[in-house]
Amino acid sequence: MLETTIAAIRAADEAAMAAARELQGRLTKPAGSLGALEELSVRLAGLAGVCPPPLPEPAAVAIFAGDHGVHAQGVSPWPQEVTAQMIGNFLAGGAVVNAFARQAGASVTVVDVGVATPLPAEPAVLDPTALDPAVLDPAVPRLVVASVRRGTRDLTVTAALTRDEALAAVQTGIRIADELIDAGAGILLTGDMGIGNTTPAAVLIAAFTGADPLDTTGRGTGVDDPTYAHKVAVVRAALARHTPDPADPLGVLAAVGGLEHAALAGLILGAAARRTPVLLDGVIAVSAALAAAAFAPAAVGAMVAGHRSAEPGATVALRHLGLDPLIDLGLRLGEGTGALLALPVVTGAVRVLHEVATFDSAGVAEK
């Protein structure tokens, strides 16, 4: 599945991009007056291979959840059980991501790809091989149980995952992308949940970019100075132990990644193969995006950076990917919240190409 997905990812359609640029130049507005939205519309035309590109709707948020053996190193003040408890909150509709998704009219699919503790009782569990269009219902958060293992191993002691486990998680992400797109989704949004997951994200970003751990490691859920210094040391120790090779992205994910990171990389690859935009959330998403780009550089064409996370590693990763975030609000919650807030910007960029009159059609004189 991974190999066929990568093989299906193609470069942007230059003819469609040229047509979008030409159309932008004929719309009833000063040339360039919509700033970054104009280039975004061009990129999305190139991804779709047509101008104007399809409106990016309906939107589907996929929240991948997993736990981390490195939590035992004291990198987070939150107990690991919170991961499972927050899944219950997502399914009950009580999290920030749910509020933002309702506002945006986006569906929420929660995927247990490696939660360590038992999940709350929840009757609406989907068979991940049999999704139906109801999965895109914004009013009903859904759960897909696709656990590879109950949390990763401690990456300071051994590899977090075997290669087979990492591959299984990547393929889970690809499968979820396919299923959501088959159900009608026009854009996918990345979400994540996993206590301690900013530590493997920092290691992944350092591994793929070569940046110093001081520049890739943030305070996550808000650790104090001693814990932050320890967290940086943990990231350094993981890099020294595993010396991950960025030319082997599956090996990097296995050595130092999380199950949700690997699954998100798969989601991005799956979206790119289907020429469907994927709106990236914060530092977890962009660390996974680095892995996706290492698998298939052309996958970057499907990526839209929703926001600039307050986690410093996110800026490092976005710079490496060559992506500019649409909004910058100092967010660091995760879940998909920043991507949801950016969704109307993406939709607006495309809607301009569909609905704004040209100078000729409107009878407006040009300068």
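Reading the values: the criteria
Residues numbered from 1 in each chain as written. Predicted model: local features only at pLDDT ≥ 70, side-chain atom pairs only at ≥ 80, totals over all residues. Heavy atoms only, no water. Buried < 20%, exposed > 50% of the residue type's maximum accessible area, 1.4 Å probe, protein only. Helix = DSSP H or I, 4+ residues; strand = E, 2+ residues; numbered from the N terminus. Pairing = 2+ DSSP bridges. Contact = heavy atoms within 4.5 Å. Core = buried A, V, L, I, M, F, W, Y, C linked by side-chain atoms within 4.5 Å. Expected span 1.5 Å × (residues − 1). Arc of directions from axis to C-beta. Lys, Arg positive; Asp, Glu negative; His and termini not counted. Salt bridge = Lys/Arg side-chain N within 4 Å of Asp/Glu carboxyl O. Polar contact = N/O pair within 3.5 Å; in protein donor to acceptor, adjacent residues only side chain to side chain. 1 Å grid on protein atoms, 1.4 Å probe; cavity = no way out; pocket = protein on both sides within 12 Å on 5 of 7 lines; lining within 4 Å. Points joined across faces, edges and corners; volume = space filled by probe spheres on them. Nonpolar A, V, L, I, M, F, W, Y, C, P; charged D, E, K, R; others polar. Axes fitted to C-alpha atoms, helices over the stretch in contact; angles between N-to-C directions. Parallel < 35°, antiparallel > 145°, perpendicular 65-115°, else oblique. Left-handed = near helix turned anticlockwise from the far one by under 90°.

A.B. asks: Can you explain the pairing of strand 5 (residues 187-193)? Please cite residues and give values.
C.D. replies: Most of strand 5 is tucked away, with seven of its seven residues classed as buried. One ladder, built from seven bridges, connects strand 1 (residues 59-66) with strand 5; its direction is parallel. Note on strand 5: the bridge partner recorded for A62 is T190.

A.B. asks: I'd like to hear about unusual backbone geometry, residue by residue, with values.
C.D. replies: Looking along the chain, the bond that leaves C51 and enters P52 is cis, with omega of -5°. Counting through the fold element by element, P52 comes out in the loop between helix 3 (36-48) and strand 1. Residue E57 is joined to P58 through a cis peptide bond whose omega torsion reads -5°. Tracing the backbone through its elements, the reader meets P58 in the loop between helix 3 and strand 1. Positioned with a positive phi, T243 is a non-glycine residue whose angle comes to about 35°. For T243, a relative accessible area of 60% puts it in the exposed group.

A.B. asks: Give a description of the environment of G66 that names residues and reports values.
C.D. replies: Secondary-structure assignment places G66 in strand 1. Taking the C-alpha atoms as reference points, G66 and A293, separated by 227 residues in sequence, lie 22 Å from one another. Not counting residues up to four positions away in its chain, the partners in contact with G66 are T83, G114, V115, M193, G194, I195 and E260.

A.B. asks: Please set out the nonpolar core residue by residue, giving values where relevant.
C.D. replies: Ranked by internal contacts, the top residues of the largest apolar core, which has 117 residues, are L180, L188, L189, L267, L279 and M303. Setting aside chain neighbours within four positions, we find L267 in contact with A62, F64, G173, I174, I176, A177, L188, T190 and V278.

A.B. asks: Lay out helix 9 (residues 225-242) in plain terms, naming residues and giving numbers.
C.D. replies: Between its first and last C-alpha, helix 9 extends 26 Å over 18 residues, near the 26 Å set by a 1.5 Å rise per residue. For helix 9, the full list of buried residues reads Y228, K231, V232, V234, V235, A238, L239 and H242. The buried residues of helix 9 occupy an angular sector of 155° when the element is viewed end-on, so they sit on one face. Looking at helix 9, the residues exposed on the side facing more than 90 degrees away from the buried face are D225, P226 and A240. Looking at the buried positions of helix 9, the neighbouring elements they touch are helix 7 (198-209), helix 8 (213-216) and helix 10 (249-256). Of the residues one or two after helix 9, T243 is the one with positive phi, at around 35°.

A.B. asks: Give a detailed account of the side chain of D112, specifying residues and quantitative values.
C.D. replies: Tracing the backbone through its elements, the reader meets D112 in strand 2 (residues 107-114). Buried and unpaired, D112 has no salt bridge, with R150 as the nearest side chain of opposite charge at 5.7 Å. A distance of 3.1 Å separates a polar atom in the side chain of D112 from the backbone nitrogen of G114.

A.B. asks: Explain the layout of surface pockets to me, and be specific about the residues and the numbers.
C.D. replies: As a volume, the largest pocket reaches approximately 530 Å³. Mapped by element, the contributors of at least two residues to the lining of the largest pocket are helix 4 (82-92), strand 5, helix 7 and helix 12 (283-295). Residue composition of the lining of the largest pocket, grouped by class: 11 nonpolar, 12 polar and seven charged. Along the wall of the second largest pocket there are 13 residues; nearest its centre are A36, L40, R43, D324 and L326. Mapped by element, the contributors of at least two residues to the lining of the second largest pocket are helix 3 and strand 7 (303-305). Counting residues per element, the lining of the second largest pocket draws most heavily on helix 3, which supplies five residues. A per-class count over the lining of the second largest pocket returns nine nonpolar, one polar and three charged.

A.B. asks: Any chance you could break down the pairing of strand 1 for me, citing the residues and the numbers?
C.D. replies: For strand 1, the buried fraction is high: eight of the eight residues fall into the buried class. Going residue by residue along strand 1, you find A59, V61, I63 and A65 tucked away on one face and A60, A62, F64 and G66 tucked away on the opposite face as well. Pairing geometry for strand 1 and strand 2, over seven bridges, is parallel. Of the residues in strand 2, the one forming a bridge with G66 is G114.

A.B. asks: For the packing of helix 7 against helix 9, give the residues involved together with the corresponding values.
C.D. replies: Packing of helix 7 against helix 9 brings their axes to within 9 Å, and their N-to-C directions diverge by 50°. Taken together, the axis directions place helix 7 and helix 9 in an arrangement best described as oblique. The way helix 7 lies across helix 9 gives a crossing that is right-handed. In contact with T198, T199, A202, V203, A206 and A207 of helix 7, helix 9 contributes K231, V234, V235, A238 and L239. Its residues placed into classes, the contact of helix 7 with helix 9 shows eight nonpolar, two polar and one charged.

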